[in-house]
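As a plain string of letters, each chain reads:
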Amino acid sequence: MSKSLPEKITKARIQLMLSEPFLSSSVARFPVVDATGKGWCDTMCTDGYSIFVNSDFCDTLDLDEVCFVFAHEVAHCMFGHVDRRGNRDPEIWNYAIDYATNLLLVDFGLKMPKVGLFDRKYIGMTAEDIYESLVRKIEDHQKNSSQQEGEGGGRGQDRGTVDVV
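Residues numbered from 1 in each chain as written. Predicted model: local features only at pLDDT ≥ 70, side-chain atom pairs only at ≥ 80, totals over all residues. Heavy atoms only, no water.

Attention now goes to the overall build of the protein. Looking only at helices and strands, the protein has seven helices and three strands in total. Counting from the amino terminus, helix and strand elements in the protein follow one another as α-α-β-β-β-α-α-α-α-α. Of all 165 residues assigned to the protein, the portion counted as buried reaches 40%. Considering only contacts within the protein whose residues lie at least 6 apart along the sequence, 56% involve residues at least 24 apart. (Helix = DSSP H or I, 4+ residues; strand = E, 2+ residues; numbered from the N terminus. Buried < 20%, exposed > 50% of the residue type's maximum accessible area, 1.4 Å probe, protein only. Contact = heavy atoms within 4.5 Å.)

And the structure:
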């Protein structure tokens, strides 16, 4: 990586390594790539091997929130979330792993940004359990929507979208 990372991202990485011993070796291990302006990374993300950051997004957060999102991406790598997806729906799986990861990091005492998925009803559940819960919620919603449509209640509704959160 020839270009240096923005200062806020570098500070967050160092702060996370110093304040969270459990995460420090993983934070140091995964390469960080600035993907600002690439068009495919609006926040932060991972492919399981590298952490990709968008400095424009990071500028909207305070330093502690950047640490949280950084730890969030590192946790996805540590827990093998990319590999564990298997044949599951990628979007629903992403919701499930975000719920699981955010619960853990909030319990660690990290400051979660206002944007993000968090629901204590998933405490004690694996990402796989959360995924199944979300799939059931979607199926129930679709079943209820189709029943309402059969009763004439579905007119004017956007049947192509489902709110899973």
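And the narrative resumes.
What follows covers a negative patch on the surface. On the surface, a cluster of negative charge is contributed by D129, E132, E139 and D140. Along the polypeptide, D129 turns up in helix α7 (residues 127-150). (Patch = residues over 30% accessible without salt bridge, like charges linked within 9 Å, V, L, I, M, F, W, Y side chains within 5 Å. Areas by Shrake-Rupley, 256 points an atom, 1.4 Å probe, with all protein chains shown as cover. Salt bridge = Lys/Arg side-chain N within 4 Å of Asp/Glu carboxyl O. Lys, Arg positive; Asp, Glu negative; His and termini not counted. Charge placed at Lys NZ, Arg CZ, Asp CG, Glu CD.)

Here the focus is the packing of aromatic side chains. Counted according to the given criterion, the structure contains four aromatic pairs. For the pair F22 and F108, a centre-to-centre distance of 5.9 Å together with 80° between the ring planes defines the contact as edge-to-face. Pair noted here: F22 is in helix α2 (residues 21-29) and F108 is in the loop between α6 (90-107) and α7, with a separation of 86 residues, a long-range link. Overall, F22 belongs to the exposed group, its relative accessible area being 51%. Ring centres of W40 and F52 lie 5.2 Å apart, and the angle between their planes is 75°; this geometry places the pair in the edge-to-face category. (Phe/Tyr/Trp six-rings, centres within 6.5 Å; stacked < 30°, edge-to-face > 60°.)

Our focus in this paragraph is the sheet that holds strand β3 (residues 51-53). Here three strands make up an open sheet; going across it, the order is β1-β3-β2 and the pairing mixed. Looking at strand neighbours, the two that pair on one side only are β1 (32-34) and β2 (44-46), the edges of this open sheet. Ignoring strand direction, the axes of neighbouring strands in this sheet form an average angle of 25°. Examined bridge by bridge, β1 and β3 share three bridges and lie parallel to one another. Within β3, the residue paired with V33 across the bridge is F52. (Pairing = 2+ DSSP bridges. Axes fitted to C-alpha atoms, helices over the stretch in contact; angles between N-to-C directions.)

Turning our eyes to something else, we now look at helix α1 (residues 7-19). For α1, spanning 13 residues, the distance from its first C-alpha to its last is 18 Å, which sits close to the expected 18 Å at 1.5 Å a residue. Within the sequence span of α1, burial applies to I9, A12, R13 and L16. Along α1, the residues classed as buried sweep out an arc of 100° about the axis, all on the same side. Exposed side of α1, more than 90 degrees from the buried face: E7 and L18 are the residues found there. Summarising the contacts, the buried residues of α1 are in contact with α2, β1, β3, α3 (55-58) and α4 (63-78). (Expected span 1.5 Å × (residues − 1). Arc of directions from axis to C-beta.)

A few words now on the packing of α1 against α4. The interhelical angle for the contact between α1 and α4, taken along N-to-C directions, is 70°, at an axis separation of 9 Å. In terms of orientation, α1 and α4 fall into the roughly perpendicular class. Residues K8, I9, K11, A12, R13, Q15 and L16 of α1 touch α4, and the partners they reach there are L63, D64, V66, C67, F70 and A71. Grouping the constituent residues of the contact of α1 with α4 by class yields eight nonpolar, one polar and four charged. (Parallel < 35°, antiparallel > 145°, perpendicular 65-115°, else oblique. Nonpolar A, V, L, I, M, F, W, Y, C, P; charged D, E, K, R; others polar.)

Taken by themselves, the reported measurements are silent on function.
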